[in-house]
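Residues per chain are reported as follows:
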Amino acid sequence: MSEQQIKITLAQLNPTVGDVTGNAAKARAAREKAKADGADLVVLSELFVAGYPPEDLVLKPAFQSACRAAIEELARETADGGPAMLIGTPWVEDRKLYNACALLDGGRIAALRFKANLPNYGVFDEKRLFARGPASGPVTVRGVRIGVPICEDIWLEESEDYENVVECLAETGAEILIVPNGSPYARDKADLRLSIVVARVTESGLPLIYLNEMGGQDELIFDGASFALNADLSVAAQLPAFEENITTLTWRKTADGWRCNGQITPQLEGDKADYAACVLGLRDYVRKNGFPGVLLGVSGGIDSALCAAIAVDALGADKVRGVMLPFRYTAQVSLDDAAKLAAALGIRYEILPIADAVNGFETILAPVFKGLERDITEENLQARARGTLLMAISNKTGAMVVTTGNKSEMSVGYATLYGDMNGGFNPIKDIYKTEVFRLSSLRNEWKPDGALGPSGEVIPVNIIIRPPTAELRENQTDQDSLPPYEVLDAILERLVEREEPLATIIEAGFDRDVVTRVDRLLNIAEYKRRQAAPGVKVTRKNFGRDRRYPITNRFRDFGKALPAPDEKLVTRGSRASAEAFEG
């Protein structure tokens, strides 16, 4: 490094949880690239050697030891005089487990920094896993003092137990801030991250590098989209989203401090970002879990069509198999559209009529159902026959079944347990029906970089414009039993994402009976959602990691105006103070 510059390599990579050897190999390869670029330091994301989030795996002593051994081996390799490495790892010290970042340089572990502020909201659960680290000063790399706040350490919250790590670093002489992150994707998350970083740069007066993980881990998608800001808030560099990237940035010291002018990659936004997240989520779930491919029921409807397009973009047509499972209520137009979809995508496609299976079930059940009226039970036999056949093909071939229910259906229970809910992963689980229509139209005009499917119209337009139907009885449409999706989704977004009281939603202009009915369906479908396959998270609040309601739950919001709290009933001194617990 010359006196007035430092080269820092950002390794925005895709680790796999638990693959300590593979993750270390990725870090090693990134360091070789950094070395070739003449870098002084290579940076990897939060808990990189373990993969993020490791959940309770990180509590396993054998796993902790494997991570430490990998870090020690990487440290020994830095004796070659090449760049230093800043890498995230779990670390046990004084019998406490920390979310740590290790600086490896000169053949040793030159410094350790521990995450001070542990997130415990939404998808995060770190307070039960890690001990809280102290706010520490900067580390020194080639004479430059680098502050290393870890992810949540820059997401300031106004609370008594929050440690202002950035303030501490600025006061102890940091010159550049480098923040390793495991920040999951959610719609419009990029704007939120930027606002947080702007606030920290403004407060500290220091340039900041935000290095984020990339890749899918179960429901979570890490979009990468790493970036850096100069101290004057100008963008120093912007890495691409939804792809691995290794970029070396040259920082030069000026009279006003350190500054960089790197490449700025345009970012995906809105529906395009959501679609790319769905593709990445399915791709990594299938590949990281070792499935040879996927199969799905292709009904001629829009949900399965969008899932088929996502699957082909994620894995390639040769790894996707579509199966049409018609019954007497399946319209010819559905058969035609399903065949057109399969041809456009280039996937293997077959038709397996289910009449023998459904009729066989009805014959077996006839003595038990004698004297009872036909109802939804018989309709659901069709879905369950389809689910059984798809799972049989999966069992025989090893291919994973992709389940295709959207968030609107998952919300109100418009899905059949052990039927169309069968499957290993759902790429559109967090996508409302109105968004399914938008993403389908979008895919016919555009596909993300790196997508393996064909360009152009892959979802027949008739599938997009045709009224949705489960085809479980004659002339059935979804709107026979559900409000129009534009209304349903608007109500659900307020109930699920915003947690609005019914009275507020009704005051906004929605029909009281419709709102109360949707709320009731949302509540009673919780037991179904607990048995649903995992799926990609794209909204602020998905079912599973974010929204965890009890199945047994008697509370109901009846849409009445909320009573104001009566402060007169709170006895003086009834609020416990911190002093009351001392001693």
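Right, let's walk through the structure included here.

**Quick look at the overall build of the protein chain**
At step 1: Per the secondary structure count, the protein chain includes 16 helices and 19 strands.
At step 2: Compactness check: the protein chain gives a C-alpha radius of gyration of 27 Å against a globular reference of 25 Å for 583 residues, within 12% of the reference.
At step 3: Over its C-alpha atoms, taken along the principal directions, the protein chain stretches across nearly 85 × 70 × 45 Å.
At step 4: Within the protein chain, the proportion of its 583 residues that are buried is 53%.
At step 5: Long-range contacts, defined here as pairs at least 24 residues apart, represent 74% of the contacts in the protein chain between residues at least 6 apart.
At step 6: Carbon and sulfur atoms make up 51% of the accessible area of the protein chain, which amounts to about 25,700 Å² in all.
At step 7: Between the mean site of the 68 positive side-chain charges and the mean site of the 82 negative ones, the protein chain shows a separation of 3 Å.

**Overview of unusual backbone geometry**
At step 1: For the bond running from Y52 to P53, omega is -5 degrees, close enough to zero to count as cis.
At step 2: Considering the arrangement of structural elements, one finds P53 in the loop between strand 2 (41-43) and helix 2 (61-77).
At step 3: Backbone geometry places D94, a non-glycine residue, at a positive phi of 50 degrees.
At step 4: Looking at where D94 falls in the secondary structure, it is placed in the loop between strand 3 (84-93) and strand 4 (96-105).
At step 5: Backbone geometry places D188, a non-glycine residue, at a positive phi of 70 degrees.
At step 6: Along the chain, D188 turns up in the loop between strand 8 (176-181) and helix 4 (189-204).

**Remarks on the environment of I176**
At step 1: Here I176 shows up in strand 8.
At step 2: In this structure, the C-alpha to C-alpha distance between I176 and W258, residues 82 residues apart in sequence, is 7.2 Å.
At step 3: When near neighbours in sequence (up to four residues on either side) are disregarded, I176 contacts I6, V144, R145, I146, G147, P207, I209, W251 and W258.

**What about helix 2?**
Count 3.6 residues to each turn of an α-helix, and residues three or four apart come out pointing the same way.
At step 1: Here helix 2 is 17 residues long and its end C-alpha atoms lie 25 Å apart, about the 24 Å a rise of 1.5 Å per residue gives.
At step 2: Of all the residues in helix 2, the buried ones are F63, Q64, C67, A70, I71, L74 and A75. In an axial view of helix 2, the angular spread of the buried residues amounts to 140 degrees, which keeps them on one side of the axis. Every exposed residue of helix 2 that faces more than 90 degrees away from the buried side is listed here: P61 and A62.
At step 3: Buried residues along helix 2 sit in contact with helix 1 (20-36), strand 3, strand 4 and strand 5 (108-114).

**Remarks on the pairing of strand 1 (residues 5-12)**
At step 1: Burial within strand 1 is extensive, with six of its eight residues counted as buried.
At step 2: Pairing of strand 1 with strand 14 (residues 245-254) involves eight bridges; the strand directions are antiparallel. For L10, the partnering residue across the bridge sits in strand 14 and is T247.
At step 3: Regarding the hand of the β-α-β motif, the stretch spanning strand 1, helix 1 and strand 2 is right-handed.

**A few points about the pairing of strand 16 (residues 294-297)**
The side chains of a regular strand alternate between the sheet's two faces.
At step 1: Pairing analysis gives four bridges linking strand 16 to strand 17 (residues 320-324), with the strands arranged parallel. The residue bridging G297 from the neighbouring strand is V323, located in strand 17.
At step 2: Once the chain exits strand 16 it traverses helix 6 (residues 302-315) before rejoining the sheet at strand 17, and the crossover so formed is right-handed.
At step 3: In the sheet, strand 16 pairs with strand 19 (residues 400-401) via two bridges, with the strands oriented parallel. Residue pairing in the sheet places V294 in a bridge with M400 of strand 19.

**Quick look at the side chain of S304**
At step 1: Along the chain, the position of S304 falls in helix 6.
At step 2: Ignoring any residue separated from it by four or fewer positions in sequence, one finds S304 in contact with L296, G297, V298, S299 and T404.

**Concerning the pattern of salt bridges**
At step 1: Applying the stated criterion across every chain, the model contains 34 salt bridges.
At step 2: A salt bridge links E350 to R321; the shortest N-O distance between them is 2.4 Å. You can see E350 sitting in strand 18 (residues 348-351) and its partner R321 sitting in strand 17, a full 29 residues away along the chain. R321 shares its class with E350; the two are buried.
At step 3: A salt bridge links E526 to R530, with the nearest nitrogen and oxygen atoms 3.5 Å apart.
At step 4: Assessed through its relative accessible area of 6%, E526 is described here as buried.
At step 5: The partly exposed category is assigned to R530, whose relative accessible area is 48%.
At step 6: Connected via shared salt-bridge partners are E493, R494, R498, E500 and R540.

What counts as what
- Residues take numbers from 1 onward in each chain, read along the sequence in its written order.
- Local features in a predicted model are, by the rule used here, given only for residues with pLDDT of at least 70; side-chain atom pairs are given and counted only at 80 or more, and totals for whole chains, interfaces and linings are based on all residues.
- Note that the side-chain values use all heavy atoms of the structure and ignore hydrogens as well as water.
- Think of it this way: any DSSP run of H or I at least four residues long counts as a helix, any run of E at least two long counts as a strand, and we number them from the N terminus.
- All radius of gyration figures rest on C-alpha atoms, and the globule criterion is 2.2 Å times the number of residues raised to 0.38.
- The buried label goes to any residue with under 20% of its type's maximum accessible area, the exposed label to any with over 50%, and the partly exposed label to all in between, with areas taken from a 1.4 Å probe on protein chains only.
- Residue contacts are counted whenever heavy atoms from the two residues lie within 4.5 Å of one another.
- Only the protein chains shown count as cover for residues, and the accessible areas themselves come from Shrake-Rupley with a 1.4 Å probe.
- Counting rule applied: Lys, Arg positive; Asp, Glu negative; His and chain ends not counted.
- Where a charge lies is defined by one atom per residue type: Lys uses NZ, Arg uses CZ, Asp uses CG and Glu uses CD.
- Multiply 1.5 Å by the residue count of a helix minus one, and that product is the helix's expected span.
- In this description, the arc belongs to the directions extending from the helix axis to the C-beta atoms.
- One bridge is not enough; two strands pair if DSSP finds at least two bridges between them.
- Assignment of crossover handedness uses the view with strands pointing away from the viewer, where a clockwise path from the first strand over the helix to the second indicates a right-handed crossover.
- Salt bridges are counted wherever a side-chain nitrogen of Lys or Arg sits within 4 Å of a carboxyl oxygen of Asp or Glu.

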